[in-house]
Each structure stands twice: as structure tokens, then as C-alpha cells.
Amino acid sequence: MIDTPADAPLLHDSDADSHRSSLDGYDSSDAVDESALVSPGIFIWVLTFCAGVSGLLFGYDTGVISSTLVSIGSDLSSRSLTTLDKSLITSSTSLFALIASPLTGVLADSWGRKKVILLADILFVVGALWQAWSGTVWGMIVGRSIVGLAVGSASFVVPLYISELSPSPFRGRLVTVASLFITGGQVVAYIIGWLFSTHPHGWRWMVGIGAAPAAIQFLILEFMPETPRWLVKANQKDRAKQVLLRVYGGGDEIKKMVDAVLRRVEKEIMEEEEAAGERSNPELPKTSWRGRMAKVNDGFAQVVAVGGNRRALIIACMLQGFQQLCGFNSLMYFSATIFALVGFQSPTLTSLSIALTNFAFTLVAFHSIDRIGRRRILLYSVPIMVIGLALCSVAFNFVDIPTHESSVATRGIDNAGTRLWPLIILVAMIVYVAGYAIGMGNVPWQQSELFPLSVRSIGSGLATATNWGSNFLVGLTFLPMMDLFTPMGTFAVYTAVCVACWFTVWRIYPETCGLSLEEVGGLLRDGWGVVESVRKARERMRERRR
């Protein structure tokens, strides 16, 4: 079969009319209920784990910087790092991830999801090696920026890739595997950081090791298929059907289910192609540069102009923004710095407790997200975050924070009076991270299910850009806020953000658990769909109990 570009018409004019008539005859009664599937098959598990290596890299590169910052010493530019140096090294990754996310959203539509993962692997390798060989602060910033391009690409495309491959009953759980890899990467980063923290120039090994998983994934990508929904959009229906049959398994009923899924996807694409055709300029060839740019511009316009798409974008950007503005990555980036400030003798090892908590409670999310639902798990878990942050804010008021970094190295927890409150801070952070990992750490990455196929890449890319824009803001402002507002004030701000998050989720976020990607769009077509989605979720739960 000859491959055709993703922006080529789904159907040739010669058979469009006959195919349209067959699709017009399709309705929901023809569909096979995917809830009959008992468990994900081996094939989809293998694909999820292979794609999840990018999540491991994402987690490792965001986690390793915490240990790196306290281990560099005067290795860069022959001087100690200033607060500005640390902020720039940290936030450069987020800034370039912000730049990469919308760009790779466009590339994922043109090239396919798989090729964008390949591009991210190349950037991971280059960025890791560049950091390891850096001799100046600005050289380190460049290396972190290259890693940022990789992280921005991977954080967007891997959940999209898994989501488009997954059967709807297991989509939340399988996308959560990517988050599990992220948290696992952070655990590995803290362990590597602890092992190399006492070695001369050990930080170079910390950052350089990140090239190995990227090189391995680069090699296994050859055996990974493209997503069936992108293949259908690229007019490669036979290949899409082969992938779906391997994902869903064998048997006559499964074949009917696969045919129903394909008809549903084709119907959606046909409607989108017709709408796009009415808006397009017929004088511009679709394969020309101007034609491709017109298609991209049309995609961005449709995300904003169409009510359902706009509501999906607001929800996705809201979730991704709150995920970062609640301050979680300040712990990932600066936890070792925080624990050194409050007097822990081994701040890197203490930080490992944060990463382990994140990993352990992501397992809880993996078990619960398709059982409890996305909306309910957020409404239950965000109050836990509020409790942890509020306790942390209060505890900081009773800890004597040194005003000069030179005094941190000699500081320790030396008596019962000074020992209690730092331990309370540690416990409060663990409570906060547990709540975060159950909900906010995972649910926002379900973003691709909110968008119809025509704008799924662009919408997901813009939402991911919101994540990294917020991440950049937090990384750049955390240490200055600690100086300006004091730690108590800083964590009080994050507490207020979490309270605002809970009310926003309660107001506009519908329950999408158990719905197909095509069905989710119907919820947002005429409104936020909260009441209808909650009612349907309760019906599905009653059916499962019966």
C-alpha cells in the first residue's frame, strides 16, 4: 500500500458518495459495546510500556535537576550557582517545552504520532550529552533547553499515542501508565542523584545517564505501529484495521467491534473533511506549502471558533495550568534545596521520600481512575492537597530559615525543638504529594480524549503548552517567592490555587470515564455536559455492579 499524507482527503471523489451513504446509515445501534472487553490485551500493554519510556525520560530529566543543583558546586563557570543561575537552569527546560508543545502538535498531524516520539528521543540524547559536557552556566542552560524541547514533545504525544490506541474501558488506566513511568523516572533520578552526590563531578553522570533510555526507545520504535485513528485519517484503513485487531484481539465479536470503531472514526472524519472543504480555498493544492499552512491555520481557528472544541480547550488548559500552578514541580526541582534549608543532613536522600510517595500513589490512581472516574477522583484528592499545603505553610512559620546559602551546609537538626517542625514539613509534603499523585498528577494527561480527531493534536499541544508555561512560571518564581513572601506565604499561595482548582473542576469538568473518544465530543457540543456526564457515569456504575 502506498502511504499518503495525513492531510490528503479520506476518500477519493469517485467513491465518496457511495461511502457517505453507507456512513449515513450508521448509527449508535450498529456499535458493539466495548464494555464487554474484560481486560487489555498483551499487545496494547507492550505498546503502552514501549511508549512509556518517553515518560521515564520526562520524569528523570525533571527529577534529576533537584540533585544536580546541590551537587554542581563550582564546576560551572568556576563559581557557585546563584539563585538566578538555579532559576534559569531549571526554568529553561519548561520554557522550551512550552515552545515545543504546539509545534509538535502540528507535526503529529502531518508526520504521525510515532515520528514525533522518534524526534523526542533524538533530542533527549543530544540534550543529556550536552549537559554532561557543559563547562559553563550558559552551556548547561542550552543543554537543559534541548531537553526541554524533548520533554515538551514527549509529554504531549505519548498520552495522545496511548489514548488513540486504547479501548475506551481501559483508556484512563493505560494513559496513567505514562504518568507511572514519569514518577518512576523521578524515583530513579533521586536514587542516581543520591548515589553520585558524593562523587567528584558526579552530577555529570546524573544528567548524562538520561541518554541511555532514549537510545533504547529509538531502536524499538521500528516495531511500534502508528495509531489507527491517524492511519484512517491518512487514508490507510487496512493498516488501521490490522492495528485495531491486534489491540482488541481475535474472534467474530471482536471483528464486529473493530468494524464498528472504524465506521465511527470514518464518520467523524468524513464530517470534518466536508466541513473543512467548505471552509478551504479550492485554488490552494492541499499538498503545497500554502495548502498545509492553510490547514494548520484552519485547525487553530476551529479549536477556538467551534463551541465544543473551545470548551474542550478551556477544560484541558484549566487542568494543565492548575497541575503546575499548585506548585508540585517546585518540590521536584527544589526539594533537596528545601530540605537543606530546614536542616536535613542528607537532603537528596530525604527528597527520595517525595519521589517514592509520588510513584506509590500513582499506582493508586492507576487502579482507580477507570473505576472511580476522572471527575470524582479530582474532587476527592484536591482537598488532600489543600490539607498538606496548609500544614506545610503553618509549619514553615516555626522553622528558622538561614538567610545565607553558606550557612545551609553547616546547618543540622540538632535538638528536639528544632527537629519537630522540619519533620512536620516532610510529612505535610508527603500528604500533599499523595493527593497530587492520585488526581492532578494523572487526570490532566487524559486531555486528548476531550478533543475530536480533527483538532486532537492541536488542542492537546496547546493544553500541554499551558502546562509548560505554568511550569516555567513556577520554576522561575519559586525561589524568589521564598525570599519575598517567605516559605509560609509561598505555600499559602499554592494552597489558594488548589482551592480554586477544586471549585473549577466541580463547575465545568464532565465525567468522561468509559466513553469512547468519539462520544466524549458529544458531551461538550452544547455545553459543559457536567450533569449529563455524571448521570451517565452513575448508570454505568450501576450496570457494572449488576
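Here, the structure is the one placed above.
The present account deals with the structure reproduced in this document. Quick caveat, the model's predicted, so the values are computed rather than measured. (Residues numbered from 1 in each chain as written. Predicted model: local features only at pLDDT ≥ 70, side-chain atom pairs only at ≥ 80, totals over all residues. Heavy atoms only, no water.)

### So, the overall build of the chain
Here comes step 1: Tallying secondary structure elements over the chain gives 21 helices and zero strands in all.
Here comes step 2: Sorting the 546 residues of the chain into buried and exposed places 57% on the buried side.
Here comes step 3: Restricting to contacts in the chain with at least 6 residues of sequence separation, those with at least 24 account for 83%.
Here comes step 4: About 22,000 Å² of surface is accessible on the chain, with carbon and sulfur atoms providing 65% of the total. (Helix = DSSP H or I, 4+ residues; strand = E, 2+ residues; numbered from the N terminus. Buried < 20%, exposed > 50% of the residue type's maximum accessible area, 1.4 Å probe, protein only. Contact = heavy atoms within 4.5 Å. Areas by Shrake-Rupley, 256 points an atom, 1.4 Å probe, with all protein chains shown as cover.)

### Quick look at unusual backbone geometry
Here comes step 1: For Ser78, which is not a glycine, the phi torsion comes out positive at approximately 55°.
Here comes step 2: Along the chain, the position of Ser78 falls in the loop between helix H2 (42–69) and helix H3 (83–111).
Here comes step 3: Located in the positive-phi region is Thr486, a residue other than glycine, with phi close to 70°.
Here comes step 4: Mapped onto the secondary structure, Thr486 falls in helix H19 (residues 486–508).
Here comes step 5: On the basis of relative accessibility, which here comes to 40%, the residue Thr486 falls in the partly exposed class.

### Some remarks on the pattern of salt bridges
Here comes step 1: Under the criterion given, the structure shown has twelve salt bridges.
Here comes step 2: The partner of Glu449 in a salt bridge is Arg374, with the nearest N and O atoms 3.0 Å apart. Here Glu449 is found in the loop between helix H17 (416–438) and helix H18 (456–484), whereas its partner Arg374 is found in helix H16 (residues 374–396), with 75 residues between them in sequence. Comparing Glu449 with Arg374, the two get one shared label, buried.
Here comes step 3: Through salt bridges with shared partners, a single network forms among Asp109, Arg113, Glu164, Lys233 and Arg456. (Salt bridge = Lys/Arg side-chain N within 4 Å of Asp/Glu carboxyl O.)

### Details of the nonpolar core
Taken as a class, soluble globular proteins show a tendency for nonpolar side chains to be buried jointly.
Here comes step 1: Membership of the largest hydrophobic core comes to 140 residues, with the highest contact counts inside it found for Ile89, Tyr248, Met429 and Phe491.
Here comes step 2: A total of 15 residues in this core trace back to one element, the largest contributor, which is helix H5 (residues 137–165).
Here comes step 3: Looking at this core, you find at least three residues from each of domain 1 (38–224) and domain 2 (306–401 + 417–545).
Here comes step 4: In contact with Phe491, not counting residues within four places along its chain, are Leu331, Ile338, Leu389, Cys392, Ser393, Phe396, Met429, Phe478 and Met482. (Core = buried A, V, L, I, M, F, W, Y, C linked by side-chain atoms within 4.5 Å. Domains from an automatic or database assignment.)

### As for a nonpolar patch on the surface
Here comes step 1: A surface patch of nonpolar side chains, amounting to about 540 Å² of accessible area, comprises Ile122, Val126, Trp130, Val142, Phe218 and Leu219.
Here comes step 2: Contributions of two or more residues to the nonpolar patch are made by helix H4 (113–132) and helix H8 (211–220).
Here comes step 3: By residue number, the principal contributor to the nonpolar patch is H4, which donates three residues.
Here comes step 4: One can find Val142 in helix H5. (Patch = residues over 30% accessible without salt bridge, like charges linked within 9 Å, V, L, I, M, F, W, Y side chains within 5 Å.)

### Observations concerning the environment of Ala234
Here comes step 1: Counting through the fold element by element, Ala234 comes out in the loop between helix H9 (228–233) and helix H10 (237–248).
Here comes step 2: Taking the relative accessible area as the measure of exposure, Ala234 reaches 0% and is therefore buried.
Here comes step 3: Separated by 122 residues in the primary sequence, Ala234 and Gly112 have C-alpha atoms spaced 9.0 Å apart.

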